[in-house]
Amino acid sequence: MGWSPNPAHEVDTTVPDNPNSSTGRSEAMPDVSRVDEDAALIQGDEGLRSAGAPGVTDEPTDWRLLFRPAALGLIALVSIAVGVSLPNSPFKLDMPGTWFFGVPSVTPPANAPPADPFLGLVTVYGGLVLLGRVWYRLTVTLRTRPGVPVRYLWVVFALWVLPMLVVAPIFSRDVYSYAAQGEMMSRHINPYHYGPFTLGAGPYVNPVDPLWLNAPAPYGPLFLMLDGFFASASFHHVLGTVVLLRLAALGGVVLMGLCVPRLAHAYGKDPAALFALVVCNPLTLLSLVGSAHNDALMLGLLFAGITVAKRGHPVWGIVLCALATSVKVPAALGVVYIGWEWLGPNIPWRQRIRPLVTAGLLATAVIGVVTVISGLGWGWIANLGTPGTVRSWIAPTTGVAMGITGLLHLVGLQLGLHGILSVTRAIGFVVAAGVGLYLLINSDRFGGLWAMGLSLLAVVVLGPVVQPWYLTWGVVLLAPVAGRAMRKVLVGISVASPFIGLPGGRQLLVDLAHANPLAEAAALLALLAVWLVPVDRWSAWGRALTSHSYDGVSEEFSAHLVDG
């Protein structure tokens, strides 16, 4: 990244679309030799108009450009919220007392007839499809219409996030584990030593996933202190604690949004386009705010630390990244990169050791102070393997172990899954560490933020468990430096990830297997209609890009952009 004290004149290290390139290109300078949105940014609206783009008018870059996508995105998210709130929805915890509405007032009898799954299926999955389509077209439009004020994107974000603040926690029950750990903190029970079950039966413990009832917390002391404060501030009311935890997640996302304009300036990106890619991202809205994961708070502090360091204040950047590490440990990578690039680019590695050690000591001191204040000790370091309790085919290291075990059982070799899983996960850890070290050493060639984001993605993909909210670590950091190829990857991850690991998926398949075929066909037709209905003709600019477009730039005037 290069923590230059004069960011206005900063030219970053290279971030090529092909990372294997030996020369690359500057992170801060767009590549005008390629037909993508960076060329459009250089040429500007006037260049596109002079190219004779059909349908392009003098339409101002104001709220009118965003009105329809804002409304369509709101419809999509309201659809998701309604579908999740239906009785017996598999997309939320359907337990009495777990939310203000949309949950049973009493536990239904065991012989109660199952609810029809199709209305919820169409509204939730249809909303996800519509949201992905609208968000993608919004990012394309903003890249080809640079200069839209970021304040209008804040309005879009406010509209889109509102349904996620009203509805019950979706797609995950982790926030109930947070709430129980906060109640433990308020009762002076160390969550590093005990699981939520130590509270005994009650409203805080009942919603917790049984997998985590006896699992100690792997989170940092800053988060647990905040967690305990929420439990006390809500007067030990579980729903009040959950609401405060969701607002904390919202605060982390807002902090990212506040940092976007500065990072956009530093890396030569349009602030509105970057805001849409990071803050209005479906993964951000659904997995961070909707699910109320503490990853949002970690990412907000990490994003702020990187931004401050980028503005020439590496010490404050390290402090903020250390606070982020006190929420979740992956943020420690921010400390490493700030220390590694403290002296700037193209510095021999021997000269980097001293600032790297200094950064590590400063971060350790900050975390140590937080640990002393919390009174919890360093037990969270030993608990970092707790998420690995989950075994899912989605994680490559876990899926390979499960596949090998199944094949061995077929040929009569009764080897246990645990031993093979330990080997595959150890290999994944070594490979991820090797990838991270390689990217760190070559960060001058790849670019610091690029290398950091790829390192976090490697940690997630090669780790013991892959969760959608984990993927936000890499998506958020890569967004400011992503070229055309990487941006397509980020868009694909952001659109597909909310579908990964949706709770109740197995029960949903069972319900579908026993459902009326006519109802299934109607549901599929409804989803197909959502997939095919035109949603991107919300402006003259969008109409000009609808036909013969390639990555948001019309082929009819792409040659003009290349030739200048």
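A few points on the structure. Remember, it's a predicted structure, so these values are computed and weren't measured experimentally.

## Details of a nonpolar patch on the surface
Alright, step 1. On the surface, L407, L410, V411, L413 and L415 cluster together to form a nonpolar patch covering roughly 540 Å² of accessible area.
Alright, step 2. Note on placement: L410 falls in helix α15 (residues 396–410).
Alright, step 3. Overall, the relative accessible area of 71% leaves L410 in the exposed class.

## Quick notes on the packing of helix α6 (residues 221–233) against helix α13 (residues 349–374)
Packed helices, taken two at a time, are described by the angle between their axes plus the distance between the axes.
Alright, step 1. Where α6 contacts α13, the two axes come as close as 9 Å, and the packing angle between them is 35 degrees. α6 and α13 meet at a crossing whose hand is left-handed. Between α6 and α13, the residues in contact are P221, L222 and M225 and V370, T371, I373 and S374, respectively.
Alright, step 2. For the contact of α6 with α13, the class distribution of residues is five nonpolar, two polar and no charged.

## A word on the side chain of T284
Alright, step 1. Among the secondary structure elements, T284 is positioned in helix α9 (residues 282–290).
Alright, step 2. Once you skip the residues sitting within four places of it in the chain, T284 turns out to touch V253, V278, V279 and V289.

## Comments concerning helix α5 (residues 174–186)
Alright, step 1. In this model α5 runs 19 Å from its N-terminal to its C-terminal C-alpha over 13 residues, within 8% of the 18 Å that 1.5 Å per residue would give.
Alright, step 2. For α5, a buried count of 13 out of 13 residues is recorded, marking the element as mostly surrounded by other parts of the structure.
Alright, step 3. Just past α5, the residue H188 takes up positive phi, approximately 60 degrees.

## Re the nonpolar core
Alright, step 1. If you look at the biggest cluster of nonpolar residues, it comprises 141 residues, and the most contacted ones within it are L142, L153, F157, W160 and L286.
Alright, step 2. With 14 residues, the top contributor of residues to this core is helix α7 (residues 238–266).
Alright, step 3. W160 has contacts with P69, A70, G73, L74, L77, L131, V134, W135, L138, C280 and L285, leaving out every residue within four places of it along the chain.

## Points about the packing of helix α11 (residues 314–325) against α13
Alright, step 1. With their axes 9 Å apart at the nearest point, α11 and α13 run at an angle of 50 degrees to one another. On the basis of the axis angle, α11 is oblique to α13. The two elements α11 and α13 meet at a crossing, and its hand is right-handed. Taking contact as the criterion, the partners of V315, I318, V319, A322, L323 and T325 in α11 are, on α13, A359, L362, A363, V366, I367 and V370.
Alright, step 2. Each residue belonging to the contact of α11 with α13 can be placed in one class, and the counts come to eleven nonpolar, one polar and no charged.

Calculation notes
- Residues numbered from 1 in each chain as written.
- Predicted model: local features only at pLDDT ≥ 70, side-chain atom pairs only at ≥ 80, totals over all residues.
- Heavy atoms only, no water.
- Patch = residues over 30% accessible without salt bridge, like charges linked within 9 Å, V, L, I, M, F, W, Y side chains within 5 Å.
- Areas by Shrake-Rupley, 256 points an atom, 1.4 Å probe, with all protein chains shown as cover.
- Salt bridge = Lys/Arg side-chain N within 4 Å of Asp/Glu carboxyl O.
- Helix = DSSP H or I, 4+ residues; strand = E, 2+ residues; numbered from the N terminus.
- Buried < 20%, exposed > 50% of the residue type's maximum accessible area, 1.4 Å probe, protein only.
- Axes fitted to C-alpha atoms, helices over the stretch in contact; angles between N-to-C directions.
- Left-handed = near helix turned anticlockwise from the far one by under 90°.
- Contact = heavy atoms within 4.5 Å.
- Nonpolar A, V, L, I, M, F, W, Y, C, P; charged D, E, K, R; others polar.
- Expected span 1.5 Å × (residues − 1).
- Core = buried A, V, L, I, M, F, W, Y, C linked by side-chain atoms within 4.5 Å.
- Parallel < 35°, antiparallel > 145°, perpendicular 65-115°, else oblique.

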